[in-house]
Number of protein chains: 2
Amino acid sequence: METVSENACFGGVQGVYRHSAQSTGCDMTFGLFMPPQAKRGPVPLLWYLSGLTCTHENAMTKANAQAHAAQHGLAVVFPDTSPRGEGVADDAAYDLGQGAGFYVNATEAPWAPHFRMWDYISEDLTRVLMANFALDEARQGITGHSMGGHGALTLAMHLPERFASVSAFSPIANPTASDWGRKQFGAYLGSDETLWARHDSTLLMREKGFKGEVLVDQGNSDQFLDLLRPEALSEAMAARRQPGVFRMQPGYDHSYFFVSTFMGDHIAFHAEAMSGE
Amino acid sequence: METVSENACFGGVQGVYRHSAQSTGCDMTFGLFMPPQAKRGPVPLLWYLSGLTCTHENAMTKANAQAHAAQHGLAVVFPDTSPRGEGVADDAAYDLGQGAGFYVNATEAPWAPHFRMWDYISEDLTRVLMANFALDEARQGITGHSMGGHGALTLAMHLPERFASVSAFSPIANPTASDWGRKQFGAYLGSDETLWARHDSTLLMREKGFKGEVLVDQGNSDQFLDLLRPEALSEAMAARRQPGVFRMQPGYDHSYFFVSTFMGDHIAFHAEAMSGE
């Protein structure tokens, strides 16, 4: 693992690091905020998964996470959203290929060799983080925005032993029924739609739900409401009697101005859930 | 004035607007955060002047200002750092021309026709803001980062009737003795160095100081300490017995991770100064 940069921030350190990942077969870059409390021992870790077109950097600079993470003593990791590099397949569209990994393991050409973001997050990056930083592996939470909200919810429901808490900002909530999902699952996973279901938060919520509370924020002025389908997830949460809160926030859109506004609530939510284990 | 965008943010509105400015002879873009309290009547206004290479956008998305502005009921304006456009002079260097206006009125060719950022901030933009938004003209404060800290300090010391409070993050503190200053003042103002003095915070502090308290934050791991010359300003503040605080923050560098860390302190400082009028 190589250190790209480290900046003092809210008494802790905002770092950027690069490592070679087996899953994606390329170098991967991530941001990690370590709070001041980490100087005294391992701290809980919150994963923040980003949305379409983002790198590790967007949320790290725009999401207002570090102030609250320092207050609550959480580390926050900001992974990239796809494999990248010259040998990695790509597409001219913003919503397929590099910057649009969708947190799945691709099985189809030309994506299969590198687009294994599910394994990257749940295996490679987890291993790198635990080996190199003062993090408490037993206390992890996960959140994300848009495509990253989809990733957070699906990873948490499949790996409940790993994540004590899950939340999402305007997640792609029902990708098997949306153009943000059908296109990508078709490309990455092939035409058998039964294989898509394990990557759809609404379907997973109907099937298994999450062991702890779930927090979802959605702006009602979001320009992508038709693609996100929050109503499907909200219905599934209520039908399952899933403990948690689905908040429809009046006037907010899909931007980081929305994410940053409610980041404090999400970090407090995760801090409480992780301390309560 | 034209609305470029408006996003809900911390219960208020983060807007971006464009207008034609007489001083700079071109269209200018600025960001403005209006807090939720503005729905009930005019609110105080904090100016945030940005540094070299920045547009209106950098601090608006990275400085962590809106959370604290909403808490204290302040508006925050994020002006651009220079005139821009095809007919506007420029230079290949990052620290001269577009993105590097230095908050002066240029008198020399080729800069004089457009590079009048002093007048733009103190006249044109002030007029546009007061005419179009629920702002209390009698309660204004000013801050900024690096070149913008220089702008904030020099504007406040020259216009004490305008600004109730001033602060700065790692300001270019003594530009007449620095390569961040001598090069630009020579280009914009000509070779008569006596004309440069009114744009040097350290010299102004020696000559007149500021009527209220002054807050300055500087990181001691700043990669530009030699160019910023904080020791000159600190000495001048102490020699003048200027009420205020100069804080040397251990471990912090010149980045927005530094600015965002201490933004809450600065906004609280301005809110208190403006409410105490």
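This text follows the structure it describes.
One structure accompanies this document, and this report is about it. What you see as residue numbers is a count from 1 along each chain, following the sequence as written. Naming scheme: in the order in which they are written, chains are lettered from A and ligands are numbered from 1. Whole-chain, interface and lining totals are the exception, using all residues; otherwise, since this is a predicted model, local features are given only for residues with pLDDT of at least 70 and side-chain atom pairs are given and counted only at 80 or more. Note that the side-chain values use all heavy atoms of the structure and ignore hydrogens as well as water.

This part covers the overall build of chain A. The number of helices and strands found in chain A is nine helices and nine strands. In terms of overall dimensions, chain A is globule-like: its C-alpha atoms have a radius of gyration of 17 Å, near the 19 Å expected for 277 residues. Each residue is placed in one exposure class: buried if its accessible area under a 1.4 Å probe, protein chains only, is under 20% of its type's maximum, exposed if it is over 50%, and partly exposed if it falls in between. Considering chain A as a whole, with its 277 residues, one finds that 63% of them fall into the buried category. For chain A, contacts bridging at least 24 residues in sequence account for 72% of all contacts bridging at least 6. Surface accessibility of chain A: about 9,900 Å² in total, with carbon and sulfur atoms responsible for 48%. Only four residue types enter the charge count, namely Lys and Arg as positive and Asp and Glu as negative; His and the chain termini do not. Each charge is placed at NZ for Lys, CZ for Arg, CG for Asp and CD for Glu. With 19 positive and 31 negative side-chain charges, chain A shows a spacing of 5 Å between the two charge centroids. Only DSSP runs of H or I covering at least 4 residues are called helices, and only runs of E covering at least 2 are called strands; the numbering of each starts at the N terminus. Using C-alpha atoms as the atom set, the radius of gyration is obtained and then compared with a globule rule of 2.2 Å times the number of residues to the power 0.38. Here, residues are in contact when the closest pair of their heavy atoms is within 4.5 Å. Method for areas: the Shrake-Rupley scheme with a 1.4 Å probe, in which residue coverage is limited to the protein chains shown.

Residue and element names in this part refer to chain A. Within helix α5 (residues 179-189), the full set of buried residues consists of W180, G181, Q184, F185, A187, Y188 and L189. Buried residues along α5 cover an arc of 165 degrees about the axis, so they all sit on one side. Packed against the buried residues of α5 are α4 (147-158) and α7 (225-228). Polar contact criterion, stated in full: a pair of N or O atoms within 3.5 Å, where within protein one must be able to donate a hydrogen and the other to accept it, and residues adjacent in sequence count only if both atoms are side-chain atoms. The N-capping residue of α5, defined by a side-chain oxygen 2.9 Å from the backbone nitrogen of W180, is S178. The arc in question is the one traced by the directions running from the helix axis out to the C-beta atoms.

It is worth spelling out the relation of the copies chain A and chain B at this point. Each copy is superposed on the other by least squares, with the fit set by C-alpha atoms of residues at a pLDDT of at least 70 in both. Structural alignment of chain A on chain B gives an RMSD of 0.0 Å, achieved by rotating through 180 degrees and translating 0.0 Å along the axis. What we have between these two chains is a two-fold relation. Considering only C-alpha atoms, the part of chain A nearest the rotation axis is K62 of chain A, at 2.6 Å.

A few words on the sheet that holds strand β1 (residues 2-9) of chain A. All names here are of chain A. The rule for pairing is simple: two strands pair if DSSP sees at least two bridges between them. Strand order in the open sheet made by the nine strands is β1-β2-β3-β5-β4-β6-β7-β8-β9, with mixed pairing throughout. The open sheet has two edge strands with one neighbour each: β1 and β9 (244-249). In this sheet, neighbouring strand axes are inclined to one another by 20 degrees on average, regardless of whether the strands run parallel or antiparallel. Of the strand pairs in this sheet, strand β2 (residues 12-21) and strand β3 (residues 26-34) are connected by nine bridges, and their pairing is antiparallel. Paired with V13 across the two strands is M34, which belongs to β3. Think of each axis as a best-fit line through the C-alpha atoms, taken over the contacting stretch in the case of a helix, with angles from 0 to 180 degrees between the N-to-C directions.

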